[in-house]
Amino acid sequence: MDRVSAFDEPLKKLLGGATAKVMAEHLDLHTVGDLLHHYPRRYEERGRLTALADLPLDEHVTVVAQVADARVLMFNNGRGKRLEVTLTDGHGRLQLVFFGHGVHKPHKELLPGRRAMFAGKVSVFNRKMQLAHPTYQLLDAESVDEAGATEAVDAFAGRLLPIYPACKQLDSWRIAKAVDTVLPSAREAVDPLPPSLREGRGFTALPEALLKVHRPQTKADIAEARDRLKWDEAFVLQVALARRRYADTQLPAAARGPRPGGLLDAFDAKLPFTLTDGQRKVSKEIFDDLATEHPMHRLLQGEVGSGKTMVALRAMLRVVDAGGQAAMLAPTEVLAQQHHRSITEMMGELAEGGMLGGSEQGTKVVLLTGSMGVAARRKALLDLVTGEAGIVIGTHALIEDKVRFHDLGLVVVDEQHRFGVEQRDALRSKGKQPPHLLVMTATPIPRTVAMTVFGDLETSVLDQLPAGRSPIASHVVPAKDKPHFLSRAWERVREEVENGHQAYVVCPRIGDDAEDEAAGKKAKKKTPEDDGEKRPPLAVLEIAEQLAKGPLSGLRIEVLHGRMNPDDKDDVMRRFAAGDVDVLVATTVIEVGVNVPNATAMVIMDADRFGVSQLHQLRGRVGRGSAPGLCLLVSEAHEAGPARARLSAVAATLDGFELSRIDLEQRREGDVLGQAQSGVRSSLRMLTVIDDEEVIAAAREEAVAIVAADPELTRLPELRTALDALLDKEREQYLDKG
């Protein structure tokens, strides 16, 4: 069998159609290579029992434990039988339950003192953790019987038992058997590491690492294998990103250098405040990039309220000075209108180029959104194609085929994670040459994630807040345990309004007919397991009505959500910004960019339904003026549960980078690397971006050196093969799009 094809062999050839089908559908494993890269999640020692106390609810788990007792209970006047088995590990206990005809075999086999591997989904019944109808495999010598259940003992005698990520349809030990079948192919693994790098870092060879990770004899085997496999993942990904960055440096772009006495100088001269040191430093990094003849690709991370828009605007003015145009792409119409409003206000007469009363040095700043009237849209498009408008701010409408630019020099993308890479790409293709690209995000990203997810972008960080930003006090309001705390929250809102300020109330849901209909369809698909589901999330329309009739009666309350007519949305935001609305009850449409310095209080209903970073974003809408901010996180989550722990973490710190670490620890890796960016499954199986910062940083360094010396990897064919294998096609396209 040739060296590459051993790993490309379809699983159904070796394992049979039924097993291969389950692996493909439920575990996304299709080839021998896929299965060999499906690593054990952890290992059990035969002499040691698992911790039962920390089992995750609603997850499919595999545990090794001992039977403490077993009893058959009758119900339905003796017509029904239930077998209850209690497992122990010396610390925690776990209940198993079997019903009906499924009682007979386990009743004979699961005798007190027996040890076995059990697999099933963890649920709670009568406040006790349980597995209903788990599959199991006996592990002790007494289990010799006609069913041949001793196989497991023989196979794993004296060894570490690998516990694989499994699913309901396929238990860990069945996956282990399938791995045994394909393991001989591991010897044919193509080693992607250049020999000098492998020897220099003392790594074990790849075939050996694969054998040791699946069938370790000792704990040292596991550590050795993991070190090697982690490095491969980090390294291959960083090579792909380094090649992407290298290719970008080969593209042509128009250099946009300074013009003394131009629009930027005029703008800086009229600023009523001085820029922070951070803004100056980041602006210099951006200006240096703009002055080169290959396109800038820079990620600007900034804490909520750190002044990213100011930095982006100065970059746009630099490009206009150099004869080009700048486009800012926002994820929602509300945000595009908000940016347009704040930029024209900041620029004053400089934003009225060619108009009566406008500055001679000025330019036109136009807005382009999908909901604009035909005449206004035609005028905006004309201003873009003639070059009359130096700056355009818009939504996805900017990407449409009809939109033509005179000379697009810079694209600023706000809130990167809300845009598909295709959209970013489509806008970039509108320049005569590739335009410079500045991506902004207010979601602080740990350094390793920036190096991994945004590894094709250079990174600038704004972590200093401008002078005059006020502190924000945050508190968790346990609405279920202490309802009087919620009453006090509404009193605090009333007090803020009486002191001349304004407030936001945020809800997870709109609560209109269209949404209810969608929820109804979803409910029809519910499985019996969902019956114990929590009540639906609180809705904007219901809460606004309750507040107007109850605790906030007499105040001027308005609603804002994504399904409103764009003109109505803009009207509500304008009136709120002007102080004509006391309390704005909204969905997360206010999450980014909305700037109302007079808004000092925010109440987030069902706060446990939001992610950590999202709560941090929302909270950043208050305390934007001279008065201190207040953020109240209302939740009915159980005091001891993970949801409350998350909220307490948010309440305890205003440091977005610290919160992003917490967020990352609590979410699955794939959320961050896979779906969050490329829409495809994460290709990382061994590496964890939160724990392996040093590995990622070192791999990036090696990758940069290798790509600089040999961009096409002509001298490293094995590395090229690994790139093709590890970065599935969709992910590679994603990297290509930058």
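Residues numbered from 1 in each chain as written. Predicted model: local features only at pLDDT ≥ 70, side-chain atom pairs only at ≥ 80, totals over all residues. Heavy atoms only, no water.

For the protein chain, the helix and strand inventory stands at 28 helices and 21 strands. Here the protein chain holds 738 residues, and the buried ones make up 54% of them. Pairs at least 24 apart in sequence give 74% of the contacts found in the protein chain among residues at least 6 apart. For the protein chain, the exposed area adds up to about 32,800 Å²; of that, 51% sits on carbon and sulfur atoms. (Helix = DSSP H or I, 4+ residues; strand = E, 2+ residues; numbered from the N terminus. Buried < 20%, exposed > 50% of the residue type's maximum accessible area, 1.4 Å probe, protein only. Contact = heavy atoms within 4.5 Å. Areas by Shrake-Rupley, 256 points an atom, 1.4 Å probe, with all protein chains shown as cover.)

Okay, the sheet that holds strand S11 (residues 364-368) next. Pairing within the open sheet is parallel, and its 7 strands lie in the order S11-S12-S10-S13-S14-S9-S15. Every interior strand has two partners, whereas the edge strands, S11 and strand S15 (458-462), have only one. For this sheet, the mean angle separating the axes of adjacent strands, direction not counted, is 20°. The sheet contact formed by strand S13 (residues 408-414) and strand S14 (residues 436-441) spans 5 bridges and is parallel. Residue Leu410 lies in a different strand from S14, and its bridge partner there is His436. Sitting on the sheet, helix H12 (residues 277-290) is in contact with strand S9 (297-302), S13, S14 and S15, with an inclination near 160° to S15. (Pairing = 2+ DSSP bridges. Axes fitted to C-alpha atoms, helices over the stretch in contact; angles between N-to-C directions.)

Another aspect to go through is the packing of aromatic side chains. Given two aromatic rings, one states the distance between the centres and the angle between the planes to describe the pair. Counting across every chain of the model gives 6 aromatic pairs. On the numbers, 6.1 Å between centres and 40° between planes, the contact of Phe118 with Tyr136 is tilted. With Phe118 in strand S5 (residues 115-125) and Tyr136 in strand S7 (residues 135-138), this residue pair connects regions lying 18 residues apart in the sequence. Under the relative-accessibility criterion, Phe118 is labelled buried at 0%. A relative accessible area of 16% means that Tyr136 is categorised as buried. Measuring from ring centre to ring centre gives 5.5 Å for Phe203 and Trp231, while their planes differ by 40°; the resulting arrangement is tilted. One end of the pair, Phe203, is in the loop between helix H8 (195-200) and helix H9 (206-214); the other, Trp231, is in helix H10 (residues 219-250), and 28 residues separate them in sequence. (Phe/Tyr/Trp six-rings, centres within 6.5 Å; stacked < 30°, edge-to-face > 60°.)

With that settled, the discussion passes to the pattern of salt bridges. Tallied over the entire structure, the rule returns 39 salt bridges. In this structure, the salt-bridge partner of Asp232 is Arg228, at a minimum N-O distance of 2.8 Å. Highlighted residues: Asp232 and Arg228, both in helix H10, separated by 4 residues, approximately one helical turn. Given a relative accessible area of 0%, Arg228 falls into the buried group. Here Asp288 ties to Lys284 by a salt bridge, and the two come within 2.8 Å at their closest N and O atoms. Here Asp288 and its partner Lys284 are both found in helix H12, 4 residues apart, which amounts to about one turn of the helix. Through salt bridges that share partners, Arg488, Glu491, Arg492, Glu495 and Glu496 make up one connected network. (Salt bridge = Lys/Arg side-chain N within 4 Å of Asp/Glu carboxyl O.)

A few words now on the environment of Ala503. Its place among the elements puts Ala503 in strand S17 (residues 502-506). Separated by 118 residues in the primary sequence, Ala503 and Arg621 place their C-alpha atoms 9.9 Å from one another. When neighbours within four sequence positions are excluded, Ala503 is seen to be in contact with Val493, Phe576, Asp582, Val583, Leu584 and Ala601.

Glancing now at the side chain of Arg318. As for its placement among the helices and strands, Arg318 is situated in helix H13 (residues 308-321). We note that Arg318 is buried and unpaired, the nearest opposite charge coming from Asp321 at a distance of 5.7 Å. Setting aside its immediate chain neighbours within four residues, Arg318 contacts Arg256, Gly257, Pro258, Leu264, Phe287 and Leu290. (Lys, Arg positive; Asp, Glu negative; His and termini not counted.)

Here the protein chain averages 81 in pLDDT, and 83% of its residues register 70 or above. Within the model, the stretch residues 668-682 combines pLDDT values under 50 with 38 contacts to residues more than four positions away or in other chains. Below a pLDDT of 50 lies the segment residues 732-738, which in the model reaches 23 contacts outside its immediate sequence neighbourhood of four places, other chains included. (pLDDT = per-residue confidence, 0-100.)

Now for the sheet that holds strand S19 (residues 583-586). In sheet architecture, strand pairing relies on hydrogen bonds along the backbone and comes in two forms, parallel and antiparallel. The strand order across the open sheet formed by 6 strands is S16-S21-S20-S17-S19-S18, and the pairing between neighbours is parallel. The sheet is open, and its two borders are formed by strand S16 (472-478) and strand S18 (557-560), each paired with just one other strand. Going across the sheet, the axis of each strand differs from the next one's by a mean of 20°, ignoring polarity. The pairing of strand S20 (residues 599-604) with strand S21 (residues 629-635) spans 4 bridges and is classified as parallel.

Looking now at the packing of H9 against H10. Orientation of H9 relative to H10, taken along the N-to-C sense of each, is 125°, at an axis distance of 8 Å. Overall, the two elements H9 and H10 adopt an arrangement that is oblique. Judged by the sense of rotation from one axis to the other, the crossing of H9 with H10 is left-handed. Contacts from Leu206, Glu208, Ala209, Leu210, Lys212 and Val213 of H9 reach H10 at Asp221, Glu224, Ala225, Arg228, Leu229 and Asp232. (Parallel < 35°, antiparallel > 145°, perpendicular 65-115°, else oblique. Left-handed = near helix turned anticlockwise from the far one by under 90°.)

This next bit is on the nonpolar core. Of all hydrophobic cores here, the largest spans 39 residues; its most connected members are Met316, Met347, Ile391 and Leu410. The element that contributes the greatest number of residues to this core is H13, accounting for 9 residues. In this structure, Val32, Leu211, Val213 and Leu229 belong to the second largest nonpolar core, which totals 35 residues. (Core = buried A, V, L, I, M, F, W, Y, C linked by side-chain atoms within 4.5 Å.)

This brings us to the environment of Arg720. Relative to the helices and strands, Arg720 resides in helix H27 (residues 717-726). For Arg720, a relative accessible area of 35% puts it in the partly exposed group. Between the C-alpha atoms of Arg720 and Val236, which are 484 residues apart in sequence, the distance is 9.1 Å.

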